Structure formats: C-alpha cells, structure tokens
Amino acid sequence: MTGQVNFNSHTDAVVTVAVALVNVATPGEAQGRPYDVPAGADLVAGVDRAMHSGRRWLGMIDQAGADAMVGVATRLRGIFESIQEDDLDAAAAQINELLQRTGARPYLLRHDGEPWHLHYHGNDSDPATQWAAGCATALAVVVGSEHADRLGVCSAAHCDRVYVDVSRNGTRRFCSTGCQNRVKAAAFRARQG
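For the structure given in this document, a descriptive report is provided here. (Residues numbered from 1 in each chain as written. Predicted model: local features only at pLDDT ≥ 70, side-chain atom pairs only at ≥ 80, totals over all residues. Heavy atoms only, no water.)

## Overview of the overall build of the protein
Argument step 1. Along the protein, the regular secondary structure elements total 6 helices and 6 strands.
Argument step 2. Listing every helix and strand of the protein by position from the N terminus yields α-β-β-α-α-α-β-β-α-β-β-α.
Argument step 3. Its C-alpha atoms give the protein principal-axis dimensions of about 60 × 40 × 35 Å.
Argument step 4. Across the 193 residues that make up the protein, the buried fraction comes to 44%.
Argument step 5. Contacts in the protein between residues at least 24 apart in sequence constitute 54% of all its contacts with a sequence separation of at least 6.
Argument step 6. In the protein, which carries 18 positive and 21 negative side-chain charges, the distance between the mean positions of the two groups comes to 9 Å. (Helix = DSSP H or I, 4+ residues; strand = E, 2+ residues; numbered from the N terminus. Buried < 20%, exposed > 50% of the residue type's maximum accessible area, 1.4 Å probe, protein only. Contact = heavy atoms within 4.5 Å. Lys, Arg positive; Asp, Glu negative; His and termini not counted. Charge placed at Lys NZ, Arg CZ, Asp CG, Glu CD.)

## Description of the environment of Q130
Argument step 1. As for its placement among the helices and strands, Q130 is situated in helix α5 (residues 127-143).
Argument step 2. Measuring from C-alpha to C-alpha, the distance between Q130 and A104 comes to 8.0 Å, with 26 residues separating the pair along the chain.
Argument step 3. Apart from the residues lying within four places of it in its own chain, the contact partners of Q130 are Y120, H121, G122, D124 and S125.

## Points about the side chain of D165
Argument step 1. In this structure, D165 sits in the loop between β6 (162-164) and α6 (177-192).
Argument step 2. Within polar-contact distance, the side chain of D165 engages the backbone nitrogen of T171 at 3.1 Å.
Argument step 3. At 2.8 Å, the side chain of D165 and the backbone nitrogen of R172 are in polar contact.
Argument step 4. With residues up to four places along the chain from it excluded, the contact list for D165 reads R150, G170, T171, R172 and R173. (Polar contact = N/O pair within 3.5 Å; in protein donor to acceptor, adjacent residues only side chain to side chain.)

## Let's talk about the packing of helix α3 (residues 63-84) against helix α4 (residues 88-102)
Argument step 1. Close contact between α3 and α4 brings their axes to 7 Å; oriented N to C, the two are set at 160 degrees. In this view, α3 runs roughly antiparallel relative to α4, as classed from their interaxial angle. The two elements α3 and α4 cross, and the hand of that crossing is left-handed. Across from R75, L76, G78, I79, S82 and I83 in α3, the residues of α4 making contact are L88, A90, A91, Q94, I95, E97, L98 and R101.
Argument step 2. For the contact of α3 with α4, a count of residues per class yields 8 nonpolar, 3 polar and 3 charged. (Axes fitted to C-alpha atoms, helices over the stretch in contact; angles between N-to-C directions. Parallel < 35°, antiparallel > 145°, perpendicular 65-115°, else oblique. Left-handed = near helix turned anticlockwise from the far one by under 90°. Nonpolar A, V, L, I, M, F, W, Y, C, P; charged D, E, K, R; others polar.)

## What to know about the side chain of R77
Argument step 1. When you line up the elements, R77 lands in helix α3.
Argument step 2. Look at R77 and you get buried, because its relative accessible area is 7%.
Argument step 3. Of note is the side chain of R77, whose polar atom sits 2.9 Å from the side chain of T26.

## Describing the nonpolar core
Argument step 1. L21, M69, L76 and L151 are the most contacted members of the largest nonpolar core, which totals 42 residues.
Argument step 2. Excluding residues within four positions of it along the chain, L76 makes contact with A18, V22, L98, C135 and L139.
Argument step 3. Counting 6 residues, the second-largest nonpolar core is a separate cluster that includes A156, C159, C175 and C179. (Core = buried A, V, L, I, M, F, W, Y, C linked by side-chain atoms within 4.5 Å.)

## Some remarks on unusual backbone geometry
Argument step 1. Unusually for a residue other than glycine, Q31 sits at a positive phi of about 50 degrees.
Argument step 2. Relative to the elements of secondary structure, Q31 occurs in the loop between β1 (28-30) and β2 (33-35).
Argument step 3. Its identity as a non-glycine residue notwithstanding, D86 has a phi of 65 degrees, on the positive side.
Argument step 4. Residue classification places D86 among the exposed positions, given a relative accessible area of 67%.

Written as structure tokens, this is what we have:
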C-alpha cells in the first residue's frame, strides 16, 4: 500500500477529470500569470486532454461539446472554492443542485477487463451532461467523506487553479510543483533580504 488516499478507482479518475476541466476551462490566474480559457481548436484539445486525465475517455470531444464543458467547469470551480473557504454547506448545496439538474444516477458497469465498478451518468446523452453528472457524483463522494479537505484551490499568490490531494499526509496546498517552488523561492528571498 502506498499510503495515498484512494476514494475508489472510478471516483479517483473522475475527480482527476474535474480538476483538469476546472483548470483548463475557467479563467483566472495560473502559476503567477493571467489565465484565459483557450478558444476554438485549443479549447477542444484542452478539454479532450482533461477528459483523458482520469484514465480513459472513450470518445472525442467536438467544439460544441468543449464549449458546453466550459459551463460545467465553471460550476465545478464554485464547489472547489466553497471547499477552500471551508464552507462545506455551500459546496454540498452546489453539488446537490448539479446532481439534480443532471439527473445523475449510479449504475454498475464492467468494461475493458476491469471488475464491476460504479459509474454515474445523467439523464441526457450529451457529453457535458454526462460528465457534469459524473464529476458532481465523484465530488459528492469526496465531500461526503472525511476527505473533503483534500480538495482545494492553489495557495500560491496569483494562482487559482484547483487540485485534489491524494498524498499520505494530506498537506498539499498547491496545484503544481511549479507553484510550490515559486512560494519556496519567494520565502527564501524574503529571508535573505
């Protein structure tokens, strides 16, 4: 055992997709620089990469699907921000609203040589609704456990990208090693100055 937090393999994969979608499809700041949501083919490629980040994505995303995922990512960002503000009531309300809006429903599925595992899909066949339902359900699993504090927004100055902390000790506070290094370097310079 690695000591890492494992919600369950499908939940881990979908939470990873939620993080990647928020980080690619919402504006703000990233690693000390302004971040604008890409447009056109760059958005399609970014959303496609985000959806592959969980393990596998069995379809390709088109422009309309990528545009719809921007709306999903915006809703998901609100959940991460509420958790960061230690407002689990607001996060739960947002998750519940998204679950209800998408008609998320769990069902067991076995594919690709894997054992039976839980999937969550919405009441609509479009990819944005399906992924919104899945991401909302996966975040509900995390928020409804003792690991809600494992979701957050980067603590580095001028960065608002989100993360999920699956480390053993649960002390991650940055979206990337780059942000962590920027903070450490700034602290070192402050001590030297």
